[in-house]
Amino acid sequence: MEELANIEGRNPVIEAIKNNREIDKIMISNSAKEGSIKKIIGMAKENNLVIQYVDKNKLDEISTSHSHQGVIAQVSEYKYHELDELIESAKKQGEDPFFIILDEITDPHNLGSIIRTADAVGAHGVIIPKRRSVHITPVVAKASAGAVEYVPVCKVTNIVNTIKRLKEEGLWIAAADMDGQTFYEQNLTGPLGLVIGSEGFGISRLVKQNCDYIVKMPMIGNVTSLNASVAGGILLYEVFRQRIGKK
């Protein structure tokens, strides 16, 4: 039997329905019938989806995000994409590939936020390692505000080998770290993979050694690091800015 996962929160559920995700049923709190809940009910009926009205306490019990907003959709487990799929998809769009490579990001809120920003800037995919990394969970989906339905996520065995493969495909690989060139002075156009590390440990030595160059964000405050999703957001939008300026 296929395992089921939860999508929690109003925006994530709406995006799952829009994206024709295979939904087993949608559970809605008896006390939540206003605003976007009405929209979800209407969309569910249009798509012949099963709606189950339940007590809010039941949703509280099964929620892992603790922010279900009165609605949880039970869906098939997230299906990760293959690296070749990401590469081919970018080629078919006729665009320079742009991938975000996450080195041991363990906070689900950071992963969700990065996926949300990746969608906003038109990135072609997010790459995460199979080990020592958070995977797609209801908390990640909620933090992404539904963007996980649109941004392909690839889970790989070895980040270094993946970087080498992307280089073979013509991508330049940039690492976000504190000992590089100021990010807005670096050319970030063209086929690009951007590596972002965890807050606690940054990017591992072997991964950094295999990157083509390193970019940093200058800071003058007392705290010399940024949350991974905040740093990622700044860098992703710089890539976006440079690409738009190039057109």
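Rules of the game
Residues numbered from 1 in each chain as written. Predicted model: local features only at pLDDT ≥ 70, side-chain atom pairs only at ≥ 80, totals over all residues. Heavy atoms only, no water. UniProt positions renumbered as here; feature names shortened; annotations may be inferred. Helix = DSSP H or I, 4+ residues; strand = E, 2+ residues; numbered from the N terminus. Buried < 20%, exposed > 50% of the residue type's maximum accessible area, 1.4 Å probe, protein only. Pairing = 2+ DSSP bridges. Salt bridge = Lys/Arg side-chain N within 4 Å of Asp/Glu carboxyl O. Right-handed = clockwise from strand over helix to strand, strands pointing away. Disulfide = S-S within 2.5 Å. Core = buried A, V, L, I, M, F, W, Y, C linked by side-chain atoms within 4.5 Å. Contact = heavy atoms within 4.5 Å. Arc of directions from axis to C-beta. Domains from an automatic or database assignment. Buried area = accessible area lost by both parts, 1.4 Å probe. Polar contact = N/O pair within 3.5 Å; in protein donor to acceptor, adjacent residues only side chain to side chain.

The next subject is the UniProt feature "domain: RNA 2-O ribose methyltransferase substrate binding" (unreviewed entry) in the chain. Mapped onto the present numbering, the UniProt feature "domain: RNA 2-O ribose methyltransferase substrate binding" (unreviewed entry) falls at residues 6-81. Taken as a whole, residues 6-81 contains 36% helix and 26% strand, while its terminal C-alpha atoms sit 19 Å from one another.

Judged by how many residues are buried, strand β5 (residues 98-103) sits mostly within the fold: 6 of 6 residues are covered. Sheet analysis places β5 next to strand β9 (residues 192-197), joined by 6 bridges and oriented parallel. Looking across to β9, one finds that L102 is bridged to I196. With 3 bridges connecting them, β5 and strand β6 (residues 125-129) associate as parallel partners. Looking at the pairing, I101 lines up with I127 of β6.

To continue, consider the pattern of salt bridges. For side chains bearing opposite charge, pairing can occur when the charged atoms are close. In total, this model carries 11 salt bridges according to the counting rule given. K56 is paired through a salt bridge with D60; the nearest N and O atoms lie 3.1 Å apart. Placement of the pair is K56 and D60 together in helix α3 (residues 56-62), with a separation of 4 residues, close to one helical turn. For D60, a relative accessible area of 33% gives the class partly exposed. Linking R132 and E104 is a salt bridge whose minimum nitrogen-to-oxygen distance equals 3.3 Å. On the criterion of sequence distance, the pair formed by R132 in the loop between β6 and α6 (138-143) and E104 in the loop between β5 and α5 (108-121) is long-range, its members being 28 residues apart. Under the relative-accessibility criterion, R132 is labelled exposed at 59%. Through salt bridges that share partners, D84, E88, K91, R165 and E169 make up one connected network.

This paragraph deals with the pairing of strand β7 (residues 153-156). Sheet topology note: the β6/β7 ladder contains 4 bridges and is parallel. Each bridged residue has a counterpart across the sheet, and for V126 the counterpart in β7 is V153. Between the parallel elements β6 and β7, the chain passes through α6 in a crossover that is right-handed.

On to the state of the cysteines, then. Enumeration according to the criterion identifies 0 disulfides in this entry. Among the cysteines around C154, which has no disulfide bond, C211 carries the closest sulfur, lying 16 Å off. In this structure C154 comes out as buried when scored by relative accessible area, which is 2%. Given the relative accessible area of 11%, C211 is considered buried.

Take the nonpolar core next. With 36 residues, the main nonpolar core has F98, I100, L102, L111, I115 and V126 as its most contacted residues. Mapped onto this core, the elements with two or more residues apiece are β5, α5, β6, α6, β8 (172-182), β9, β10 (213-216) and α9 (228-246). Residues in contact with I115, not counting those within four places in the same chain, are V126, I136, V140, S144, A147, V148, V151 and V153. With 20 residues, the next largest nonpolar core counts V156, V160, V195 and I214 among its residues.

This next bit is on helix α4 (residues 83-92). L83, L86, I87 and A90 are the residues of α4 that are buried. Down the axis of α4, the sector holding all buried residues measures 95°, keeping them to one side. The inward-facing, buried residues of α4 contact β5, β6, β7 and α7 (159-168). Immediately downstream of α4, the backbone of G94 shows phi near 70°, a positive value.

Glancing now at the domain arrangement of the chain. The domain architecture assigned to the chain consists of domain 1 (5-75) and domain 2 (83-245). Here the C-alpha centroids of domain 1 and domain 2 sit 30 Å apart. Contacts between the two partners involve 15 residues from domain 1, matched on the other side by 8 residues from domain 2. When domain 1 packs against domain 2, the two sides together hide about 950 Å² of surface, and 57% of this comes from carbon and sulfur. Among the residues domain 1 hides against domain 2, the three largest losses belong to P12, E15 and N19. Together they make up 41% of the total. Counting across the interface, domain 1 meets domain 2 through 1 salt bridge. One salt bridge connects R21 with E149, and the closest N-O pair in it is separated by 2.7 Å. Where domain 1 packs against domain 2, one counts 4 residue pairs in polar contact (both at pLDDT 80 or more).

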